[in-house]
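Residue-level listing of the chains:
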Amino acid sequence: FAVIGVEPNADEMVHGPHAAGIINAGVIGRVWQSVLWSYMTDLFQIIFGVTMFSTRFLSFLFGSLTIILVFLIAKELFKSSKIAVIASFLLAISSYHIIYTMMEMDIPAIFFILLSALVFIRGLKKDGRIPYISAVLLGVAALIKTLTLFFIPVFLIGYWMHRKKIFRKEEIINVIKFGLIILLVFSPIIVHNYLWYKDSKMVDAYLAQYFDIGKSREVYSTIQGINQGFKVGELIKGSLEISKYYLRTDPLSLIIGIIALLFFVYKKEKFALFFFLFQLIPFLLLVYTNRLPTHFSIFPPIFAVYSAGAIG
């Protein structure tokens, strides 16, 4: 009902039309976003026509699949089908999760981030090695939403926490391979920016915001936030801004989720600290840069998992 019944917001009216015809255009990059979402959305627009349903189809599809994925993550962590069912139910009724089933990249990217996390913890539990398929999935997520790259430090810290031998040759080689695989999958965006910079001293908006390369930040100066880079000193302001929105939208998810996650970290539940950092590090990086509420839709799935663990 949300997919076909809710009117589009301003961002959706930009992203939706931009996807139409992009396959035939053959471009490998966009000014503001990674390109994979546009290619996949264009495919569904070809199949179903250019409609609200086809343009929101990726979020509808991967938002629904994320409910199943949360079941698998909860069962992996707590070894309980009952807790897994509760976790899935909590995400299925999460207002925040439902609201952002839109013409946005976040929900599809979140699915691949969470799938990467599931593969990652299963790999570490099996033989203690970093699973390279996890890197592939992170790379795919980054091709959908560039901000996915904020999660890379979480996986590296999680691997080192599990191995507890940071500077051994084997661990260093594994981490380098992990990073190179992500770069390889993400390389179309890197190549696009390189060619664009070589041609006209321009890069996409994310690179311009974070690194002030060439004349890009000057060109994008009319877009809110681009000319500010990292908003150093706005941690409290930004955190309150996002927390207030979350509390208005989905208060129980936020309050119970934070308490439950901190409880399991205190109890030293396996991988609880990993998922605490999974929430914290991207949150801090986003607060300092891109504070659009849709960027924080990664949080309901993890809060649902640990809320279910506390309830069950």
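Residues numbered from 1 in each chain as written. Predicted model: local features only at pLDDT ≥ 70, side-chain atom pairs only at ≥ 80, totals over all residues. Heavy atoms only, no water.

Caption draft 1: Structural view of the packing of helix 6 (residues 57–78) against helix 18 (residues 299–311). Interaxial distance between helix 6 and helix 18 falls to 10 Å at its minimum, and their mutual angle equals 45 degrees. Comparing the axis directions of helix 6 and helix 18 gives the class oblique. For the element pair helix 6 and helix 18, the recorded crossing hand is right-handed. Between helix 6 and helix 18, the residues in contact are Thr66, Val70, Ile73, Ala74, Leu77 and Phe78 and Pro301, Val305, Tyr306 and Gly309, respectively. (Axes fitted to C-alpha atoms, helices over the stretch in contact; angles between N-to-C directions. Helix = DSSP H or I, 4+ residues; strand = E, 2+ residues; numbered from the N terminus. Parallel < 35°, antiparallel > 145°, perpendicular 65-115°, else oblique. Left-handed = near helix turned anticlockwise from the far one by under 90°. Contact = heavy atoms within 4.5 Å.)

Caption draft 2: Examining the confidence of the model for the protein chain more closely. This prediction gives the protein chain a mean pLDDT of 87; 96% of its residues lie at or above 70. Within the protein chain, the element-level pLDDT minimum falls on helix 14 (residues 216–219), averaging 73, and the maximum on helix 7 (residues 81–92), averaging 96. (pLDDT = per-residue confidence, 0-100.)

Caption draft 3: Spatial organisation of the nonpolar core. Leu77, Phe155, Phe274, Phe275, Phe278 and Tyr306 are the most contacted members of the largest nonpolar core, which has 78 residues in total. Top contributing element to this core by residue count: helix 9 (residues 106–127), with 12 residues. In this view, Phe275 contacts Ile73, Leu77, Ala117, Ile121, Leu261, Ile302 and Tyr306; residues no more than four positions away in its chain are not counted. Of all hydrophobic cores here, the second largest spans 6 residues; its members include Val35, Leu143, Phe186 and Ile189. (Core = buried A, V, L, I, M, F, W, Y, C linked by side-chain atoms within 4.5 Å. Buried < 20%, exposed > 50% of the residue type's maximum accessible area, 1.4 Å probe, protein only.)

Caption draft 4: Spatial organisation of the packing of aromatic side chains. On inspection of all chains with the given rule, the structure shows 32 aromatic pairs. Summarising the aromatic geometry, the rings of Phe57 and Phe60 are spaced 6.2 Å apart at their centres and angled 55 degrees between planes, so their arrangement reads as tilted. Linking Phe57 with Phe60, this pair stays in helix 6, spanning 3 residues, or about one helical turn. Judged by relative accessible area, which is 14%, Phe57 ranks as buried. With 5.1 Å between their ring centres and 40 degrees between their planes, Phe62 and Phe111 make a pair best called tilted. Here Phe62 is found in helix 6, whereas its partner Phe111 is found in helix 9, with 49 residues between them in sequence. Of the two residues examined, Phe62 and Phe111, each falls in the buried class. Aromatic ring contacts, followed pair by pair, group Phe78, Phe120, Phe151, Phe155, Phe178, Phe263, Phe264, Phe274, Phe275, Phe278 and Tyr306 into a single cluster. (Phe/Tyr/Trp six-rings, centres within 6.5 Å; stacked < 30°, edge-to-face > 60°.)

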